[in-house]
Amino acid sequence: LVSAQGGPATGVGAGPRSGDSLRGGNGVRSGGQGSGNANRGTGRPILDETPAGEPSEGEEQGLLSMRDEEKLARDVYLELYDRWGLQTFANIAGSEDTHMEAVKTLLDHYGLGDPVEGKAAGEFANKELKALYDQLVDQGSRSLVDALKVGAAIEEIDILDLQDYVAQTDRTDIQRVFDSLMRGSRNHLRAFVSGLERQGVEYEPGYLSPDAYDEILYAQTERGGAPSNQAGRGSRGRQSGRGRQRN
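My aim in this report is to walk through the structure given alongside it, one point at a time. Being a predicted model, the structure only gives us computed values, none of them experimental. (Residues numbered from 1 in each chain as written. Predicted model: local features only at pLDDT ≥ 70, side-chain atom pairs only at ≥ 80, totals over all residues. Heavy atoms only, no water.)

As a further point, take the overall build of the protein. Check the secondary structure of the protein and you find 6 helices and 2 strands. Shown N-terminal to C-terminal, the secondary structure of the protein runs as helices and strands in the order α-α-α-α-α-β-α-β. Taken over 247 residues, the protein has a buried fraction of 52%. Carbon and sulfur atoms form 45% of the exposed surface of the protein, whose accessible area is close to 10500 Å². (Helix = DSSP H or I, 4+ residues; strand = E, 2+ residues; numbered from the N terminus. Buried < 20%, exposed > 50% of the residue type's maximum accessible area, 1.4 Å probe, protein only. Areas by Shrake-Rupley, 256 points an atom, 1.4 Å probe, with all protein chains shown as cover.)

Below, the structure written as structure tokens:
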């Protein structure tokens, strides 16, 4: 799904985003899953006061898929932190754990089973997700630059998937959580791109459109999603890349 260059790769999940998402399959590390304050980072209570009711098929798929995707991201980032020791990976992995907690609260509210229950780091019930996890860790283990590109590509896909899932529901609790996750993913993308710039590399988006990517990159860091130490780029516009490696 993600190449070391931040674009589509051959092999598992290759090519354009599909209806199954990073997206789809079941199962992505335990450790901190489903516990703690699930409202953390949302700024408002997660759950609607009204009874949950029966989620639609699209809503159910969105919740299960995002529980998987957030775990996949967390597990990959923890592995890459162990490999490279870059604190950015540990910080963002912690944010992904918070995202998992928020989605787990919704799963419980709507009476849905947890696809990652009992799964340790790197364990997945779905074979395709397991293969994708192995592929991403392998790519990110080649160099620090490759690791940061893997992180940026994961966040691009998360943003697109979350946009799709928000569009499929009118439930305010699901929208609220997914909007918060999107803010976090945009902050994470900025953090990974900033890390690449410090390595002398300009990241080229592989999934977001250039306009959507630039809008995210040059906005200020957003509050209410996952925490980030990046200040954003304000209205400076994309740098020319002079003296830097382009990919």
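Structure's up, so let's keep going.
Attention now moves to the packing of aromatic side chains. Under the counting rule described, the total for this entry stands at 6 aromatic pairs. With a centroid separation of 5.2 Å and an interplanar angle of 55 degrees, the aromatic rings of Y77 and F192 are classed as tilted. Of this pair, Y77 sits in helix α1 (residues 57-84) while F192 sits in helix α5 (residues 172-198), and the two are 115 residues apart along the sequence. Both rings, one in F89 and one in F192, keep their centres 5.6 Å apart while their planes meet at 40 degrees; by these two values the pair is tilted. In this pair, F89 is assigned in helix α2 (residues 87-109) and F192 in helix α5, connecting sequence segments 103 residues apart. We note that F89, like F192, is buried. Put simply, the rings of Y77, F89 and F192 pair up and form one aromatic cluster. Lying across the ring of F124, K71 places its NZ or CZ 4.9 Å from the centre. One Lys or Arg, R83, reaches over the ring of W84 and ends 4.1 Å from the middle of that ring. (Phe/Tyr/Trp six-rings, centres within 6.5 Å; stacked < 30°, edge-to-face > 60°. Lys NZ or Arg CZ within 6 Å of the ring centre and 35° of its normal.)

Another point: α5. An ideal rise of 1.5 Å per residue puts 39 Å on 27 residues; α5 measures up with 39 Å between its terminal C-alpha atoms. For α5, a buried count of 22 out of 27 residues is recorded, marking the element as mostly surrounded by other parts of the structure. Immediately downstream of α5, the backbone of G200 shows phi near 80 degrees, a positive value. (Expected span 1.5 Å × (residues − 1).)

For the structure on display, the rule yields 8 salt bridges. Here R171 ties to E59 by a salt bridge, and the two come within 2.9 Å at their closest N and O atoms. Pair noted here: R171 is in the loop between α4 (144-167) and α5 and E59 is in helix α1, with a separation of 112 residues, a long-range link. The burial state of R171 is the same as that of E59; both residues are buried. The residue K130 makes a salt bridge to D134 at a minimum N-O spacing of 3.3 Å. Taken as a pair, K130 and D134 lie in helix α3 (residues 127-140) at a separation of 4 residues, close to a single helical turn. The exposure class assigned to D134 is partly exposed, which follows from its relative accessible area of 38%. (Salt bridge = Lys/Arg side-chain N within 4 Å of Asp/Glu carboxyl O.)

Our focus in this paragraph is α3. Its 14 residues give α3 an end-to-end C-alpha distance of 20 Å, which sits within 8% of 20 Å, the value for a rise of 1.5 Å per residue. Along α3, the positions that sit buried rather than exposed are L129, L132, Y133, Q135, L136, V137, Q139 and G140. For α3, the elements touching its buried residues are α1 and α4. Where α3 begins, the capping side chain belongs to N126, and its oxygen is found 2.8 Å from the backbone nitrogen of E128. (Contact = heavy atoms within 4.5 Å. Polar contact = N/O pair within 3.5 Å; in protein donor to acceptor, adjacent residues only side chain to side chain.)

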